[in-house]
Amino acid sequence: MSWSQEELVAATYAVVFVFVLVYVAIIAAKLVRLQRETAELVELARARSGSDRAPDYAASVSGAHEGETGAS
Amino acid sequence: MGLALVLALIVAPEDADQGISQRIFYIHVPIALTAYFCFGLGAVKALLLLWRGNERYDLESYVAIHQGTIFGALTLITGAIWAKASWGVWWTWSSNQLVLFLVLFLFYCAYFMLRFSLEDGPRRARSSAVYALFGVALIPVSFLAIRLAEDFIHPTVFTREGPQMSGSMFATFAIAWVAVTLLAYVLYRVELAGKRLDADLRELREALQ
Amino acid sequence: MTYLADVAALTRKDLRIELRGRDTLPAMLLFVLSTLVVFHFAIPDGAGDDAAYGLLWVAIVFTALLGLARAWVPEQEHGVLDGLILAPCDRSAIWLGKTIATLAFLLAAQAVALPAFVLFFEPLDATALAGVLLADIGICAVRSLMSAMAAAARAREVLLPLLVLPLAIPLIVGGVGAAVSADGERFLLFLLLYDAVFAVLSWASFEYVVTE
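Because the structure is predicted, anything quoted here is derived from the model rather than measured.

Draft legend 1. Expanded view of the overall build of chain C. Helix and strand counts for chain C come out as 9 helices and 0 strands. Reading chain C from its N terminus to its C terminus gives the helix and strand order α-α-α-α-α-α-α-α-α. The contacts of chain C with a sequence gap of at least 6 include a subset with a gap of at least 24, amounting to 81%.

Draft legend 2. How the structure looks around the packing of helix H3 (residues 56-87) of chain B against helix H4 (residues 96-117) of chain B. Residues and elements named next belong to chain B. Where H3 contacts H4, the axes come no closer than 9 Å and their chain directions differ by 145°. Crossing geometry of H3 relative to H4 is assigned as left-handed. Contacts between H3 and H4 pair Ile65, Gly68, Thr69, Gly72, Ala73, Thr75, Leu76 and Gly79 from the former with Gln97, Leu98, Phe101, Leu102, Leu104, Phe105, Tyr108, Cys109 and Tyr111 from the latter. For the contact of H3 with H4, a count of residues per class yields 11 nonpolar, 6 polar and no charged.

Draft legend 3. Region of the structure containing the interface of chain B and chain A. The partner chain A presents 22 residues to the 24 residues of chain B that form the contact. If one sorts the elements of the side of chain B that touches chain A by residue count, helix H6 (residues 167-208) of chain B sits on top with 9 residues.

Draft legend 4. A look at the interface of chain C and chain B. Each partner contributes residues to the interface: chain C has 30 residues there, and chain B has 27 residues. Secondary-structure elements contributing two or more residues to the side of chain C that touches chain B are helix H8 (156-180) and helix H9 (184-210) of chain C. With 12 residues, H8 of chain C is the largest single contributor of residues to the side of chain C that touches chain B. Class assignment for the residues of the side of chain C that touches chain B results in 22 nonpolar, 4 polar and 4 charged.

Draft legend 5. Region of the structure containing H9 of chain C. Between its first and last C-alpha atoms H9 of chain C spans 38 Å; for 27 residues at 1.5 Å apiece the expected length is 39 Å, and the two agree. At alanine 204 of chain C, H9 of chain C shows its maximal bend, which comes to roughly 35°.

Draft legend 6. Up close: the nonpolar core. Counting residues in each nonpolar core, the largest one holds 128 residues, and the members touching the most others are Met149 and Leu163 of chain C. Not counting chain neighbours up to four residues away, the residues in contact with methionine 149 of chain C comprise Leu114, Ser127 and Tyr131 of chain B together with Leu163 and Val209 of chain C.

Draft legend 7. Fine view of the environment of leucine 74 of chain B. By secondary structure assignment, the location of leucine 74 of chain B is in helix H3. A C-alpha to C-alpha distance of 8.1 Å links leucine 74 of chain B and alanine 32 of chain B, two positions 42 residues apart in sequence. The contacts of leucine 74 of chain B, once residues within four sequence positions are left out, are Val16 and Phe19 of chain A together with Ile31 of chain B.

Draft legend 8. Highlighting the packing of helix H6 (residues 91-120) of chain C against helix H7 (residues 126-151) of chain C. Residues and elements named next belong to chain C. Contact geometry for H6 and H7: axes closest at 9 Å, N-to-C directions at 140°. On the basis of the axis angle, H6 is oblique to H7. Seen along the crossing, H6 lies across H7 with a hand that is right-handed. Mapping the contact onto sequence places Trp95, Lys98, Thr99, Thr102, Leu103, Leu106, Leu107, Gln110 and Leu114 in H6 and Val132, Asp136, Ile137, Cys140, Ala141, Arg143, Ser144 and Leu145 in H7. Among the residues making up the contact of H6 with H7, the classes are represented as 10 nonpolar, 4 polar and 3 charged.

Draft legend 9. Inspection of the environment of alanine 145 of chain B at higher detail. Mapping alanine 145 of chain B onto the fold places it in helix H5 (residues 122-149). If sequence neighbours within four positions are ignored, alanine 145 of chain B has contacts with Ile169, Pro170, Val173, Gly174 and Phe190 of chain C.

Thresholds applied
Residues numbered from 1 in each chain as written. Chains lettered and ligands numbered in written order. Predicted model: local features only at pLDDT ≥ 70, side-chain atom pairs only at ≥ 80, totals over all residues. Helix = DSSP H or I, 4+ residues; strand = E, 2+ residues; numbered from the N terminus. Contact = placed C-beta atoms within 7 Å. Axes fitted to C-alpha atoms, helices over the stretch in contact; angles between N-to-C directions. Left-handed = near helix turned anticlockwise from the far one by under 90°. Nonpolar A, V, L, I, M, F, W, Y, C, P; charged D, E, K, R; others polar. Expected span 1.5 Å × (residues − 1). Bend = angle between axes of the 7 residues up to and from the residue. Core = buried A, V, L, I, M, F, W, Y, C linked by C-beta atoms within 7 Å. Buried ≥ 20, exposed ≤ 12 C-beta atoms within 10 Å, placed from the backbone. Parallel < 35°, antiparallel > 145°, perpendicular 65-115°, else oblique.

Encoded structure:
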């Protein structure tokens, strides 16, 4: 199968783009996992230290997250 | 973040090409240069680790080499496509840069094997750092070796002259290079932040349980 | 001066262990000879005489890697490495002692292998032999360091060749070039450069690799 030059050039840029895309997807998945872990740990902290301090922290954490996803 | 990507793509329409396969040059070479830079950064961080002893450098060195290996793999892939476009074959041993990257790619893949085989801790950090330093020493030595090897390895008809770049071509190249470097830097920071966060969360979990 | 005395003591220790145990050297000899015979059957007829030199170097590198695999094992088994580290000697002396000892083993194995090669395949001139010597130094230097790195790892037998082979590629180029090329001295100079760079690097960084 012989490729034309134009196809190969397009393929090159496509490959790079796909790499970056896959990378971003991996990062996104990691971010989701980290968010989940943080939420779990917040639960743990809440269970540990009682209800008066933890809810403020939980509110600020989820607020920060919303701010981030909105910006990027 | 998006700016770097957009820059990289805008470069393509700006190309002034001599033969359309020349266009690949604009992305292949910056990727290669960026890979070198990442390996260099990894080695610098490694040196800092050994010298100053601050554990942070271990992760920074690791991530830098991680990115360098990714860009190295990309160099090989884009280089292979360029080889196909220029000479009709997917691989040739006469392209010094390709061969050099193959050797380096093998070397840095072994780096990851080393890291995965050792237990986490200062021992692993230091061994990885030393290995990273060997890597950058290997770059010029390998390059020399490959050049010398032309002497007795089967000579081929494929040569690629160093591009004599005209003004506009150079500008395009420079923009492409900046774009790819920016991209690599952004990916580096993102990856590093992700790994740091991971470690911090793990620590937090241990503290809470 | 005590540094050199330490090195001498360490080298003597390794050599004495080997002479008493007598398992590494015969294994290496047998390995390299068998490899050469295998190569005879592996090269197709029209491949050209120079190809033999390439195979010689493959045999040397793999002998250094696999035949010497037992070099660190005595240390691991008897916790000697930890004891050595606690000793009041410069850590890099351990590396130097180990390198010299493995170099001695490799040269001893080659004392048999090289004549065998000349007998089976192609002649070796002074440049080629100088290339062998210089490359031996390089291989042993790098190998001593990498095996210390791999010593703490789980899959250490597989890991060591992985770590050393990319570093050995320039050595193979140097060695084969010294044997084959008309301008062999260039390759000898290159091997000298390699040895200088990587031996110094290994010597200087050994300490960082073995400390806990």
